[in-house]
Amino acid sequence: MNKSSNTIRTMCEIGLFAAIGFALDELQGILSKGVFIYGGSIGFAMIAVIIISYRRGWLPGILTGLIMGLLDIATSAYIVHPAQLLLDYILPYAVVGIAGLFRPLFNNSQSRKGKLGFLILSTVVGGLAKLLMHYLSGVIFFNNPEYFAWNLNSMNVYLYCFIYNFAFIGPSIVLSSGLLSVMYINAPRIFEVKNEIQEDNSHKKNLFPLISSISFVFIGAFFFTFFLISYIRSFLDYADEYTYGYDFDPDSMLIFILGLMLMLTGINGFIKVRLDKYTYVNTASALTFITSTAFVFGLARLIRGYVKKEDLTYLTNHWIWFGVALVLLALAIYYLIYSILIRRKKQIAKD
(Lines give C-alpha, C1' and ligand atoms only; values in the text may rest on other atoms or scores of the structure.)
Protein backbone atom coordinates (compact mmCIF):
# COMPACT_ATOMS: atom_id res chain seq x y z
CA MET A 1 0.00 0.00 0.00
CA ASN A 2 1.51 3.37 -1.01
CA LYS A 3 1.60 6.45 1.19
CA SER A 4 -1.22 8.17 -0.72
CA SER A 5 -3.58 5.24 -0.09
CA ASN A 6 -2.60 5.16 3.56
CA THR A 7 -3.33 8.88 3.95
CA ILE A 8 -6.73 8.45 2.31
CA ARG A 9 -7.53 5.55 4.65
CA THR A 10 -6.53 7.64 7.65
CA MET A 11 -8.79 10.52 6.59
CA CYS A 12 -11.67 8.11 5.93
CA GLU A 13 -11.24 6.59 9.38
CA ILE A 14 -11.22 10.06 10.96
CA GLY A 15 -14.56 10.83 9.31
CA LEU A 16 -15.99 7.42 10.20
CA PHE A 17 -15.01 7.53 13.87
CA ALA A 18 -16.10 11.18 14.19
CA ALA A 19 -19.55 10.16 12.88
CA ILE A 20 -19.70 7.17 15.25
CA GLY A 21 -18.60 9.29 18.20
CA PHE A 22 -21.14 12.00 17.40
CA ALA A 23 -23.93 9.43 17.13
CA LEU A 24 -22.95 7.93 20.49
CA ASP A 25 -22.80 11.40 22.03
CA GLU A 26 -26.30 12.19 20.79
CA LEU A 27 -27.57 8.85 22.11
CA GLN A 28 -26.07 9.33 25.56
CA GLY A 29 -27.52 12.85 25.64
CA ILE A 30 -31.01 11.45 25.05
CA LEU A 31 -30.57 8.74 27.71
CA SER A 32 -29.27 11.25 30.31
CA LYS A 33 -31.87 13.91 29.56
CA GLY A 34 -33.26 15.46 32.72
CA VAL A 35 -30.48 14.20 34.99
CA PHE A 36 -27.93 16.91 34.23
CA ILE A 37 -30.04 20.01 33.75
CA TYR A 38 -27.08 22.23 32.81
CA GLY A 39 -25.49 19.91 30.29
CA GLY A 40 -23.52 16.69 30.41
CA SER A 41 -24.33 13.02 29.91
CA ILE A 42 -23.10 9.59 30.95
CA GLY A 43 -21.92 7.42 28.07
CA PHE A 44 -18.96 6.14 26.11
CA ALA A 45 -18.75 8.40 23.03
CA MET A 46 -15.08 9.08 23.72
CA ILE A 47 -14.17 5.49 22.81
CA ALA A 48 -14.34 6.60 19.15
CA VAL A 49 -11.56 9.12 19.76
CA ILE A 50 -9.48 6.66 21.77
CA ILE A 51 -9.71 3.86 19.20
CA ILE A 52 -8.55 6.03 16.31
CA SER A 53 -5.84 7.52 18.55
CA TYR A 54 -4.47 3.99 18.94
CA ARG A 55 -4.96 3.09 15.31
CA ARG A 56 -3.52 6.25 13.77
CA GLY A 57 -1.93 8.35 16.51
CA TRP A 58 -2.76 11.30 18.74
CA LEU A 59 -3.09 13.86 15.94
CA PRO A 60 -5.87 12.02 14.06
CA GLY A 61 -7.46 11.45 17.47
CA ILE A 62 -7.49 15.17 18.24
CA LEU A 63 -8.86 15.95 14.78
CA THR A 64 -11.64 13.38 15.27
CA GLY A 65 -12.55 15.01 18.58
CA LEU A 66 -12.58 18.46 16.97
CA ILE A 67 -14.99 17.29 14.28
CA MET A 68 -17.25 15.77 16.93
CA GLY A 69 -17.24 19.10 18.76
CA LEU A 70 -18.11 21.06 15.63
CA LEU A 71 -20.94 18.65 14.85
CA ASP A 72 -22.21 19.10 18.39
CA ILE A 73 -22.22 22.89 17.93
CA ALA A 74 -24.04 22.57 14.62
CA THR A 75 -26.89 20.60 16.21
CA SER A 76 -27.27 22.12 19.68
CA ALA A 77 -25.14 24.44 21.76
CA TYR A 78 -25.62 26.83 24.67
CA ILE A 79 -23.03 29.59 24.23
CA VAL A 80 -22.39 32.54 26.52
CA HIS A 81 -18.80 33.39 25.50
CA PRO A 82 -16.23 32.34 22.86
CA ALA A 83 -13.96 30.88 25.53
CA GLN A 84 -16.88 28.89 26.94
CA LEU A 85 -17.57 27.65 23.42
CA LEU A 86 -14.02 26.29 23.28
CA LEU A 87 -14.10 24.74 26.75
CA ASP A 88 -17.55 23.13 26.52
CA TYR A 89 -17.80 22.11 22.87
CA ILE A 90 -14.66 22.32 20.73
CA LEU A 91 -11.95 21.09 23.11
CA PRO A 92 -13.51 18.37 25.36
CA TYR A 93 -13.45 15.50 22.87
CA ALA A 94 -10.34 16.86 21.14
CA VAL A 95 -8.23 16.61 24.30
CA VAL A 96 -9.31 12.98 24.69
CA GLY A 97 -7.08 12.45 21.66
CA ILE A 98 -3.99 12.77 23.88
CA ALA A 99 -4.70 9.12 24.69
CA GLY A 100 -2.73 8.47 21.52
CA LEU A 101 0.44 9.52 23.34
CA PHE A 102 0.30 6.11 25.02
CA ARG A 103 0.26 4.37 21.65
CA PRO A 104 4.06 3.72 21.51
CA LEU A 105 3.97 2.22 25.01
CA PHE A 106 0.99 0.10 24.02
CA ASN A 107 2.70 -1.14 20.84
CA ASN A 108 6.02 -1.87 22.57
CA SER A 109 4.46 -3.78 25.46
CA GLN A 110 5.08 -7.51 25.17
CA SER A 111 2.31 -8.66 27.48
CA ARG A 112 -1.44 -8.59 27.03
CA LYS A 113 -1.93 -7.26 30.55
CA GLY A 114 0.55 -4.47 29.87
CA LYS A 115 -1.29 -3.40 26.72
CA LEU A 116 -4.60 -3.52 28.57
CA GLY A 117 -3.13 -1.42 31.39
CA PHE A 118 -1.92 1.29 28.99
CA LEU A 119 -5.30 1.29 27.25
CA ILE A 120 -7.14 1.86 30.54
CA LEU A 121 -4.60 4.45 31.71
CA SER A 122 -4.92 6.44 28.49
CA THR A 123 -8.71 6.36 28.80
CA VAL A 124 -8.47 7.77 32.33
CA VAL A 125 -6.03 10.49 31.23
CA GLY A 126 -8.18 11.44 28.23
CA GLY A 127 -11.31 11.49 30.37
CA LEU A 128 -9.67 13.66 33.03
CA ALA A 129 -8.51 16.08 30.33
CA LYS A 130 -12.13 16.33 29.18
CA LEU A 131 -13.19 16.88 32.79
CA LEU A 132 -10.69 19.75 33.10
CA MET A 133 -12.23 21.56 30.11
CA HIS A 134 -15.77 21.37 31.51
CA TYR A 135 -14.55 22.23 35.02
CA LEU A 136 -12.82 25.41 33.83
CA SER A 137 -15.94 26.41 31.93
CA GLY A 138 -18.07 25.90 35.02
CA VAL A 139 -15.78 27.83 37.35
CA ILE A 140 -15.40 30.76 34.94
CA PHE A 141 -18.83 31.08 33.33
CA PHE A 142 -21.38 29.19 35.46
CA ASN A 143 -20.36 30.15 38.97
CA ASN A 144 -23.62 31.70 40.22
CA PRO A 145 -24.79 29.64 43.25
CA GLU A 146 -28.38 30.63 42.52
CA TYR A 147 -28.38 28.25 39.54
CA PHE A 148 -26.53 25.31 41.08
CA ALA A 149 -28.18 21.94 40.45
CA TRP A 150 -29.40 19.40 43.00
CA ASN A 151 -30.01 22.03 45.72
CA LEU A 152 -26.28 22.58 46.20
CA ASN A 153 -26.63 26.37 46.26
CA SER A 154 -24.59 26.78 49.44
CA MET A 155 -21.62 24.75 48.19
CA ASN A 156 -18.26 26.29 47.28
CA VAL A 157 -18.21 26.99 43.54
CA TYR A 158 -14.93 25.12 42.92
CA LEU A 159 -16.16 22.01 44.70
CA TYR A 160 -19.60 22.21 43.08
CA CYS A 161 -18.18 22.46 39.54
CA PHE A 162 -15.97 19.45 40.20
CA ILE A 163 -18.84 17.37 41.64
CA TYR A 164 -21.28 18.32 38.87
CA ASN A 165 -18.88 17.54 36.02
CA PHE A 166 -17.35 14.46 37.64
CA ALA A 167 -20.88 13.09 38.16
CA PHE A 168 -21.14 12.35 34.45
CA ILE A 169 -17.50 12.19 33.32
CA GLY A 170 -16.42 9.81 36.09
CA PRO A 171 -18.97 7.12 35.15
CA SER A 172 -18.19 7.76 31.48
CA ILE A 173 -14.51 6.98 32.12
CA VAL A 174 -15.45 3.75 33.90
CA LEU A 175 -17.89 2.70 31.14
CA SER A 176 -15.42 3.55 28.39
CA SER A 177 -12.56 1.73 30.13
CA GLY A 178 -14.73 -1.36 30.58
CA LEU A 179 -15.99 -1.37 27.01
CA LEU A 180 -12.52 -0.79 25.54
CA SER A 181 -11.13 -3.60 27.70
CA VAL A 182 -13.80 -6.02 26.45
CA MET A 183 -13.12 -4.94 22.87
CA TYR A 184 -9.37 -5.44 23.26
CA ILE A 185 -9.73 -8.87 24.88
CA ASN A 186 -12.07 -10.10 22.16
CA ALA A 187 -10.80 -8.17 19.12
CA PRO A 188 -7.30 -6.69 19.73
CA ARG A 189 -6.78 -5.95 16.04
CA ILE A 190 -9.26 -3.06 16.34
CA PHE A 191 -6.54 -1.02 18.05
CA GLU A 192 -3.72 -1.71 15.59
CA VAL A 193 -3.14 -1.19 11.89
CA LYS A 194 -1.18 -4.01 10.31
CA ASN A 195 0.82 -4.21 7.08
CA GLU A 196 0.61 -0.53 6.12
CA ILE A 197 4.03 0.76 5.09
CA GLN A 198 5.77 -0.65 8.13
CA GLU A 199 9.14 -0.53 6.41
CA ASP A 200 8.62 2.86 4.77
CA ASN A 201 7.76 5.72 7.15
CA SER A 202 7.85 8.37 4.45
CA HIS A 203 4.04 8.75 4.66
CA LYS A 204 4.51 10.36 8.06
CA LYS A 205 6.25 13.26 6.38
CA ASN A 206 3.02 14.32 4.67
CA LEU A 207 0.51 13.05 7.22
CA PHE A 208 1.17 15.74 9.86
CA PRO A 209 0.98 18.76 7.50
CA LEU A 210 -2.08 17.29 5.77
CA ILE A 211 -4.04 16.73 8.99
CA SER A 212 -2.91 20.03 10.51
CA SER A 213 -3.89 21.91 7.32
CA ILE A 214 -7.35 20.34 7.31
CA SER A 215 -7.68 21.18 11.01
CA PHE A 216 -6.83 24.82 10.30
CA VAL A 217 -9.48 24.91 7.57
CA PHE A 218 -12.21 23.50 9.85
CA ILE A 219 -11.32 25.63 12.87
CA GLY A 220 -10.78 28.78 10.81
CA ALA A 221 -14.04 28.28 8.91
CA PHE A 222 -15.96 27.88 12.14
CA PHE A 223 -14.55 31.04 13.76
CA PHE A 224 -14.94 32.98 10.52
CA THR A 225 -18.60 32.01 10.12
CA PHE A 226 -19.65 32.27 13.77
CA PHE A 227 -18.03 35.64 14.49
CA LEU A 228 -18.90 37.14 11.11
CA ILE A 229 -22.54 36.50 12.00
CA SER A 230 -21.92 37.94 15.47
CA TYR A 231 -20.26 40.98 13.89
CA ILE A 232 -23.17 41.59 11.52
CA ARG A 233 -25.73 41.11 14.28
CA SER A 234 -23.94 43.69 16.44
CA PHE A 235 -25.43 46.31 14.11
CA LEU A 236 -28.89 45.29 15.26
CA ASP A 237 -27.79 45.09 18.88
CA TYR A 238 -26.75 48.74 18.87
CA ALA A 239 -29.66 50.00 16.79
CA ASP A 240 -32.89 51.31 18.29
CA GLU A 241 -35.70 53.62 17.23
CA TYR A 242 -33.51 56.71 17.80
CA THR A 243 -30.19 55.57 16.31
CA TYR A 244 -28.96 53.65 13.30
CA GLY A 245 -26.37 51.58 15.17
CA TYR A 246 -23.14 52.09 13.27
CA ASP A 247 -21.01 50.89 16.20
CA PHE A 248 -19.98 47.32 15.32
CA ASP A 249 -18.41 44.85 17.76
CA PRO A 250 -14.61 45.10 17.24
CA ASP A 251 -13.87 41.85 19.10
CA SER A 252 -16.04 39.81 16.73
CA MET A 253 -14.51 41.62 13.77
CA LEU A 254 -10.97 40.69 14.78
CA ILE A 255 -11.86 37.05 15.51
CA PHE A 256 -13.60 36.48 12.17
CA ILE A 257 -10.63 38.05 10.34
CA LEU A 258 -8.21 35.80 12.24
CA GLY A 259 -10.48 32.85 11.46
CA LEU A 260 -10.36 33.73 7.77
CA MET A 261 -6.56 33.97 7.89
CA LEU A 262 -6.32 30.59 9.63
CA MET A 263 -8.67 29.04 7.07
CA LEU A 264 -6.58 30.42 4.19
CA THR A 265 -3.41 29.13 5.86
CA GLY A 266 -4.97 25.68 6.02
CA ILE A 267 -6.14 25.78 2.40
CA ASN A 268 -2.71 26.90 1.23
CA GLY A 269 -1.04 24.16 3.27
CA PHE A 270 -3.40 21.52 1.91
CA ILE A 271 -2.70 22.55 -1.69
CA LYS A 272 1.06 22.61 -1.08
CA VAL A 273 0.94 19.12 0.46
CA ARG A 274 -0.89 17.75 -2.56
CA LEU A 275 1.69 19.40 -4.84
CA ASP A 276 4.52 18.12 -2.65
CA LYS A 277 5.68 21.71 -2.10
CA TYR A 278 4.76 22.07 1.58
CA THR A 279 7.21 24.01 3.77
CA TYR A 280 6.94 24.15 7.54
CA VAL A 281 8.55 27.59 7.67
CA ASN A 282 5.78 29.26 5.67
CA THR A 283 3.02 27.72 7.78
CA ALA A 284 4.85 28.55 11.01
CA SER A 285 5.31 32.15 9.85
CA ALA A 286 1.60 32.51 9.13
CA LEU A 287 0.66 31.03 12.52
CA THR A 288 3.13 33.34 14.27
CA PHE A 289 1.56 36.35 12.59
CA ILE A 290 -1.98 35.26 13.47
CA THR A 291 -1.19 34.49 17.13
CA SER A 292 0.91 37.64 17.57
CA THR A 293 -2.03 39.72 16.32
CA ALA A 294 -4.34 38.03 18.83
CA PHE A 295 -1.75 38.55 21.58
CA VAL A 296 -1.31 42.27 20.88
CA PHE A 297 -5.07 42.75 20.72
CA GLY A 298 -5.53 41.01 24.07
CA LEU A 299 -2.80 43.11 25.65
CA ALA A 300 -4.31 46.32 24.29
CA ARG A 301 -7.74 45.36 25.61
CA LEU A 302 -6.32 44.67 29.08
CA ILE A 303 -4.54 48.03 29.18
CA ARG A 304 -7.71 49.76 28.06
CA GLY A 305 -9.74 47.86 30.63
CA TYR A 306 -7.57 48.89 33.56
CA VAL A 307 -7.29 52.50 32.39
CA LYS A 308 -11.06 52.79 32.00
CA LYS A 309 -11.67 50.72 35.15
CA GLU A 310 -13.88 48.19 33.43
CA ASP A 311 -15.80 45.61 35.45
CA LEU A 312 -14.36 42.25 36.54
CA THR A 313 -16.16 40.28 33.80
CA TYR A 314 -14.57 42.39 31.07
CA LEU A 315 -11.10 42.01 32.57
CA THR A 316 -11.52 38.27 33.19
CA ASN A 317 -12.60 37.65 29.59
CA HIS A 318 -9.62 39.50 28.18
CA TRP A 319 -7.20 37.89 30.64
CA ILE A 320 -8.38 34.54 29.26
CA TRP A 321 -7.92 35.85 25.72
CA PHE A 322 -4.45 37.19 26.59
CA GLY A 323 -3.37 33.95 28.30
CA VAL A 324 -4.53 31.67 25.47
CA ALA A 325 -2.97 33.96 22.84
CA LEU A 326 0.32 34.03 24.77
CA VAL A 327 0.52 30.23 24.91
CA LEU A 328 -0.36 29.88 21.21
CA LEU A 329 2.17 32.57 20.29
CA ALA A 330 4.91 30.79 22.24
CA LEU A 331 4.09 27.52 20.46
CA ALA A 332 4.03 29.23 17.05
CA ILE A 333 7.41 30.90 17.66
CA TYR A 334 8.91 27.61 18.82
CA TYR A 335 7.48 25.91 15.73
CA LEU A 336 8.92 28.65 13.51
CA ILE A 337 12.40 28.48 15.06
CA TYR A 338 12.39 24.69 14.91
CA SER A 339 11.33 24.76 11.24
CA ILE A 340 14.09 27.23 10.35
CA LEU A 341 16.74 25.13 12.10
CA ILE A 342 15.55 21.95 10.36
CA ARG A 343 15.67 23.65 6.96
CA ARG A 344 19.20 24.95 7.62
CA LYS A 345 20.36 21.47 8.63
CA LYS A 346 18.96 20.07 5.39
CA GLN A 347 20.70 22.77 3.35
CA ILE A 348 24.00 22.10 5.12
CA ALA A 349 23.60 18.37 4.52
CA LYS A 350 23.01 18.98 0.79
CA ASP A 351 26.07 21.23 0.56
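Small disclaimer: the values here were computed from a predicted structure and weren't measured.

**What to know about the overall build of the chain**
Then comes step 1: What the chain contains, in helices and strands, is 12 helices and 0 strands.
Then comes step 2: Listed N to C, the secondary structure of the chain is α-α-α-α-α-α-α-α-α-α-α-α in terms of helices and strands.
Then comes step 3: For the chain, contacts bridging at least 24 residues in sequence account for 75% of all contacts bridging at least 6.
Then comes step 4: Summed over its atoms, the accessible surface of the chain is roughly 19,100 Å², and 67% of this surface lies on carbon and sulfur atoms.

**Focus: the nonpolar core**
Then comes step 1: If you look at the biggest cluster of nonpolar residues, it comprises 41 residues, and the most contacted ones within it are Ile-50, Tyr-54, Leu-119, Leu-180 and Phe-191.
Then comes step 2: Broken down by secondary-structure element, the contributors of at least two residues to this core are α1 (3-31), α2 (47-56), α3 (58-75), α5 (92-96), α7 (112-141), α8 (157-186) and α9 (203-238).
Then comes step 3: The greatest single-element share of this core, amounting to 9 residues, is contributed by α8.
Then comes step 4: With residues up to four places along the chain from it excluded, the contact list for Tyr-54 reads Ala-99, Phe-102, Arg-103, Phe-106, Phe-118, Leu-119, Ser-122 and Phe-191.
Then comes step 5: Leu-262, Val-281, Phe-295 and Ala-332 belong to the second largest nonpolar core, which has 22 residues in total.

**Things to note about the layout of surface pockets**
Then comes step 1: If you add up the space inside the second largest pocket, you get close to 1,300 Å³.
Then comes step 2: Lining the second largest pocket are 43 residues, with Tyr-38, Gly-39, Gly-40, Asp-88 and Tyr-89 sitting closest to its centre.
Then comes step 3: Within the residue set of the lining of the second largest pocket, elements represented by two or more residues are α1, α4 (82-90), α5, α7, α8 and α12 (312-350).
Then comes step 4: A breakdown of the residues in the lining of the second largest pocket according to their chemical character gives 19 nonpolar, 18 polar and 6 charged.

**Describing α3**
Counting along an α-helix, one turn takes 3.6 residues, and residues three or four places apart therefore face a common direction.
Then comes step 1: A rise of 1.5 Å per residue sets the reference length of α3, with its 18 residues, at 26 Å; its end C-alpha atoms lie 26 Å apart and thus fit the reference within 8%.
Then comes step 2: For α3, the tally of buried residues reaches 13 of 18 residues, placing the bulk of the element in the interior.

**Let's talk about the packing of aromatic side chains**
Then comes step 1: Under the criterion given, the structure shown has 16 aromatic pairs.
Then comes step 2: With a centroid separation of 4.9 Å and 75° between ring planes, the pair formed by Tyr-54 and Phe-106 is classed as edge-to-face. One end of the pair, Tyr-54, is in helix α2; the other, Phe-106, is in helix α6 (residues 103-108), with 52 residues separating them in the sequence. When sorted by exposure, Tyr-54 lands in the same class as Phe-106, which is buried.

**Quick notes on the pattern of salt bridges**
Then comes step 1: Scanning all chains against the criterion turns up 2 salt bridges.
Then comes step 2: In this structure, Glu-13 engages Arg-55 in a salt bridge whose closest nitrogen and oxygen atoms are separated by 2.8 Å. Within this pair, whereas Glu-13 is found in helix α1, its partner Arg-55 is found in helix α2, the two being separated by 42 residues in sequence.
Then comes step 3: Relative accessible area serves as the criterion here: at 9%, Glu-13 is assigned to the buried category.
Then comes step 4: Look at Arg-55 and you get buried, because its relative accessible area is 13%.
Then comes step 5: Glu-13 is the partner of Arg-56 in a salt bridge, and the nearest nitrogen-oxygen pair spans 2.8 Å. Taken as a pair, Arg-56 in helix α2 and Glu-13 in helix α1 lie far apart in primary sequence, 43 residues in all. The residues Arg-56 and Glu-13 share a single accessibility class, namely buried.
Then comes step 6: Salt bridges sharing partners connect three or more residues here, namely Glu-13, Arg-55 and Arg-56.

**A word on the packing of helix α10 (residues 250-274) against helix α11 (residues 280-307)**
Then comes step 1: It is the contact of α10 with α11, at a shortest axis distance of 10 Å, that shows an interaxial angle of 170°. Taken as axis vectors, α10 and α11 run roughly antiparallel relative to one another. Across the interface between the two elements, Pro-250, Asp-251, Leu-254, Leu-258, Met-261, Leu-262 and Thr-265 of α10 pack against Thr-283, Ala-286, Leu-287, Phe-289, Ile-290, Thr-293, Ala-294, Phe-297 and Arg-301 of α11.
Then comes step 2: When grouped by side-chain class, the residues that make up the contact of α10 with α11 number 11 nonpolar, 3 polar and 2 charged.

**With respect to the environment of Pro-92**
Then comes step 1: Relative to the helices and strands, Pro-92 resides in helix α5.
Then comes step 2: When the C-alpha positions of Pro-92 and Lys-130 are compared, they lie 4.5 Å apart, and in sequence the two are 38 residues distant.
Then comes step 3: Not counting residues within four places of it along the chain, the set of residues in contact with Pro-92 comprises Leu-86, Leu-87, Lys-130, Met-133 and His-134.

**Section: empty space enclosed by the protein**
Then comes step 1: On inspection of all chains with the given rule, the structure shows 3 cavities of 30 Å³ or more.
Then comes step 2: Estimated volume of the largest cavity: approximately 70 Å³.
Then comes step 3: Lining the largest cavity, in full, are Gln-28, Ser-41, Gly-43, Phe-44, Ala-45, Met-46, Tyr-93, Lys-130, Phe-168, Ile-169 and Ser-172.
Then comes step 4: At 3 residues, α8 tops the list of elements feeding residues into the lining of the largest cavity.
Then comes step 5: In terms of residue class, the lining of the largest cavity is built from 6 nonpolar, 4 polar and 1 charged.

**Points about unusual backbone geometry**
Then comes step 1: A positive phi angle, near 60°, is found at Asp-276, a position not held by glycine.
Then comes step 2: With respect to the secondary-structure elements, Asp-276 resides in the loop between α10 and α11.
Then comes step 3: In this structure, Lys-309 is a non-glycine residue whose phi angle is positive, near 55°.
Then comes step 4: One can find Lys-309 in the loop between α11 and α12.
Then comes step 5: Owing to a relative accessible area of 75%, Lys-309 belongs among the exposed residues under this scheme.

Parameters and conventions
Residues numbered from 1 in each chain as written. Predicted model: local features only at pLDDT ≥ 70, side-chain atom pairs only at ≥ 80, totals over all residues. Heavy atoms only, no water. Helix = DSSP H or I, 4+ residues; strand = E, 2+ residues; numbered from the N terminus. Contact = heavy atoms within 4.5 Å. Areas by Shrake-Rupley, 256 points an atom, 1.4 Å probe, with all protein chains shown as cover. Core = buried A, V, L, I, M, F, W, Y, C linked by side-chain atoms within 4.5 Å. Buried < 20%, exposed > 50% of the residue type's maximum accessible area, 1.4 Å probe, protein only. 1 Å grid on protein atoms, 1.4 Å probe; cavity = no way out; pocket = protein on both sides within 12 Å on 5 of 7 lines; lining within 4 Å. Points joined across faces, edges and corners; volume = space filled by probe spheres on them. Nonpolar A, V, L, I, M, F, W, Y, C, P; charged D, E, K, R; others polar. Expected span 1.5 Å × (residues − 1). Phe/Tyr/Trp six-rings, centres within 6.5 Å; stacked < 30°, edge-to-face > 60°. Salt bridge = Lys/Arg side-chain N within 4 Å of Asp/Glu carboxyl O. Axes fitted to C-alpha atoms, helices over the stretch in contact; angles between N-to-C directions. Parallel < 35°, antiparallel > 145°, perpendicular 65-115°, else oblique.

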